[in-house]
There are 2 protein chains.
Amino acid sequence: MIPEEVKFGADGLIPAVIQDANNGHVLMIGFMNKDALERTLSEGKVCFWSRSRQKFWVKGETSGNFLVVKEVFANCYVDSLLIKVDPVGPTCHAGYESCYYRKIQDDGLEIVAEQLFDPKKVYG
Amino acid sequence: MIPEEVKFGADGLIPAVIQDANNGHVLMIGFMNKDALERTLSEGKVCFWSRSRQKFWVKGETSGNFLVVKEVFANCYVDSLLIKVDPVGPTCHAGYESCYYRKIQDDGLEIVAEQLFDPKKVYG
């Protein structure tokens, strides 16, 4: 059940930071509407509202790389969430453990992580 | 310098997750406009655009609890950032190390962290 204090934005969405409960790595952020948060809490797999596709989305529904919910935290204003998860596989659709696989350097973006799968093979 | 790939949203803002580089704790998320990101990268202290106050904001300008930038990462869509920092003091204006000091339980929000300072004494 969603605590009554939780504040969704004017667009009906709340941002959620996803962190690997095992190694502390930040994996991604996504946005949830009320339905996505309710199902995340009740079903134990992270769900989002896709802003680009304008649809409900269970993270991992295509790749199988679900994010199993361990703990959910709210920030001081109760307008963002931190969700600690047990990830079934690499989180990023580009084939990396985390979506944050590139570092901003003085001369641009540099890939600093190892690619763990070929996106073409997973997403077709 | 901001890499040209970085995408600000329709509102001109990009969300940034702030993580303690020392212990891996997620401290907060905030939103940056172009100016706030430029100054974060060039000056080495995390700056935001405050959506509630509609103004530029150096995190720590009142409390002294600045967030010293160690590394900045971009996600796969280059529409969010992960910033690893060395925090000068507790990050949350409510007196906690992290803004995520409450856990969502079946019966509501439960404080699960220790309060490290009295907000009234720091913010007046």
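Residues numbered from 1 in each chain as written. Chains lettered and ligands numbered in written order. Predicted model: local features only at pLDDT ≥ 70, side-chain atom pairs only at ≥ 80, totals over all residues. Heavy atoms only, no water.

1. Overview of the pattern of salt bridges
Residue and element names in this part refer to chain B. On inspection of all chains with the given rule, the structure shows six salt bridges over all chains. As a salt-bridge pair, Lys34 and Glu38 come within 3.4 Å of each other at their nearest N and O atoms. Linking Lys34 with Glu38, this pair stays in helix 1 (residues 34–43), spanning four residues, or about one helical turn. Under the relative-accessibility criterion, Lys34 is labelled partly exposed at 49%. With a relative accessible area of 36%, Glu38 lands in the partly exposed category. In this structure, the salt-bridge partner of Glu43 is Arg39, at a minimum N-O distance of 3.1 Å. With Glu43 and Arg39 both in helix 1, this residue pair falls four residues apart, about one helical turn. (Salt bridge = Lys/Arg side-chain N within 4 Å of Asp/Glu carboxyl O. Helix = DSSP H or I, 4+ residues; strand = E, 2+ residues; numbered from the N terminus. Buried < 20%, exposed > 50% of the residue type's maximum accessible area, 1.4 Å probe, protein only.)

2. Some points on the nonpolar core
All names here are of chain B. Formed by 31 residues in total, the largest nonpolar core has its most connected members in Ile18, Met32, Val46, Phe48, Leu81 and Ile83. Of all the secondary structure elements, the ones that give two or more residues to this core are strand 1 (14–20), strand 2 (26–32), helix 1, strand 3 (47–50), strand 4 (55–58), strand 5 (67–74) and strand 6 (81–87). A per-element tally of this core places strand 5 first, with four residues. Those residues in contact with Ile18 that lie beyond four places of it in its chain are His25, Val26, Leu27, Met28, Val46, Phe48, Leu67, Ile83 and Val85. (Core = buried A, V, L, I, M, F, W, Y, C linked by side-chain atoms within 4.5 Å. Contact = heavy atoms within 4.5 Å.)

So yeah, pure geometry; function would need other evidence.
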